[in-house]
Amino acid sequence: MTPRTMRPNPTGRLDLTTVWRRERNRANQPERSHEPWCRGHGWMLDAGLVSVLSPLLYGDEFCDDSFFRFTSLSADTAATLLELLPQEYLANERQNDGPTIGTVLRAVVAHPDRIRAHGYVIGPGRCDERLTVEGVLFRTDEEYRLCPVYGPPLSTCDCDRLYTRLREEFGVDDAIVPPHELDTWFGYEWGTDGYHRESWYRAWWD
């Protein structure tokens, strides 16, 4: 199976409006039960996120209409999301102990040629409806020697130095713990922005 961050963005367009309206209607049926903390279904529809997210998303291997991944969230999309998402959400939504979504989106906007975000969207069919960033892809002018993601660590590596650069230079600085995976990522060509199989790095939080 191709790793999630090496899959190109979809060429076809997802009819997210139809999917999410169907999911919201299904979730709001009287016989459906909800978690005590559920704040309702369809807030991303109401916030106008459909047109922003539709070009980014593709179906996942789980074949779940409420779960879609994105691999390459760029500066233009990040800027729009910063305008549309509630400030409380930007400040608090994070993938477990990873950085907040607001911090990542601002970093993508500030470094449009250096950083992309990847993650997933859970639609209105579930109580945990959300847009989540689980990792960042970033490019440097220097190569780093990293420990293998799976296998014994190297006796010496540049992992700490690379993560320090992500925090201090690129501003992804509010994660609770270091990335669970820090590795090299070989980028596919993203539309016409000129990056074709360049060597980037990926920081991912489980």
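Residues numbered from 1 in each chain as written. Predicted model: local features only at pLDDT ≥ 70, side-chain atom pairs only at ≥ 80, totals over all residues. Heavy atoms only, no water.

A. Structural view of the overall build of the protein chain. For the protein chain, the helix and strand inventory stands at 7 helices and 6 strands. Helices and strands in the protein chain line up, N terminus first, as α-α-α-β-β-α-α-α-β-β-α-β-β. Out of the 206 residues belonging to the protein chain, those deemed buried represent 49%. Restricting to contacts in the protein chain with at least 6 residues of sequence separation, those with at least 24 account for 66%. For the protein chain, the accessible surface area stands at approximately 10,500 Å², while carbon and sulfur atoms represent 48% of it. (Helix = DSSP H or I, 4+ residues; strand = E, 2+ residues; numbered from the N terminus. Buried < 20%, exposed > 50% of the residue type's maximum accessible area, 1.4 Å probe, protein only. Contact = heavy atoms within 4.5 Å. Areas by Shrake-Rupley, 256 points an atom, 1.4 Å probe, with all protein chains shown as cover.)

B. Looking closely at the nonpolar core. Ranked by size, the top nonpolar core spans 48 residues in total, and within it Leu53, Leu85, Leu131 and Phe138 carry the most contacts. In terms of residues, this core owes the most to one element, helix α6 (residues 101–110), which gives 5 residues. With residues near it in sequence (within four places) discarded, Leu85 still touches Trp43, Leu49, Leu90, Ile101, Leu105 and Leu131. (Core = buried A, V, L, I, M, F, W, Y, C linked by side-chain atoms within 4.5 Å.)

C. Focus on the pattern of salt bridges. Tallied over the entire structure, the rule returns 12 salt bridges. Residue Arg126 is joined to Asp128 by a salt bridge in which the shortest nitrogen-to-oxygen separation is 2.8 Å. Judged by relative accessible area, which is 22%, Asp128 ranks as partly exposed. One salt bridge connects Glu142 with Arg161, and the closest N-O pair in it is separated by 2.9 Å. On the criterion of sequence distance, the pair formed by Glu142 in the loop between β4 (130–138) and α7 (159–168) and Arg161 in helix α7 is long-range, its members being 19 residues apart. The structure contains a network of salt bridges with shared partners spanning Glu142, Asp158, Arg161, Arg165 and Glu169. (Salt bridge = Lys/Arg side-chain N within 4 Å of Asp/Glu carboxyl O.)

D. Quick look at the confidence of the model for the protein chain. Taken as a whole, the protein chain shows an average pLDDT of 85; of its residues, 83% reach a score of 70 or greater. Per-element confidence in the protein chain ranges from a low mean pLDDT of 68 for strand β1 (residues 58–59) to a high of 98 for α6. In the predicted structure, residues 1–11 sits below a pLDDT of 50 and forms 31 contacts with residues beyond four places in sequence or in another chain. Here residues 188–196 is modelled with pLDDT under 50, and outside its nearest four sequence neighbours on either side it reaches 18 contacts, counting other chains as well. (pLDDT = per-residue confidence, 0-100.)

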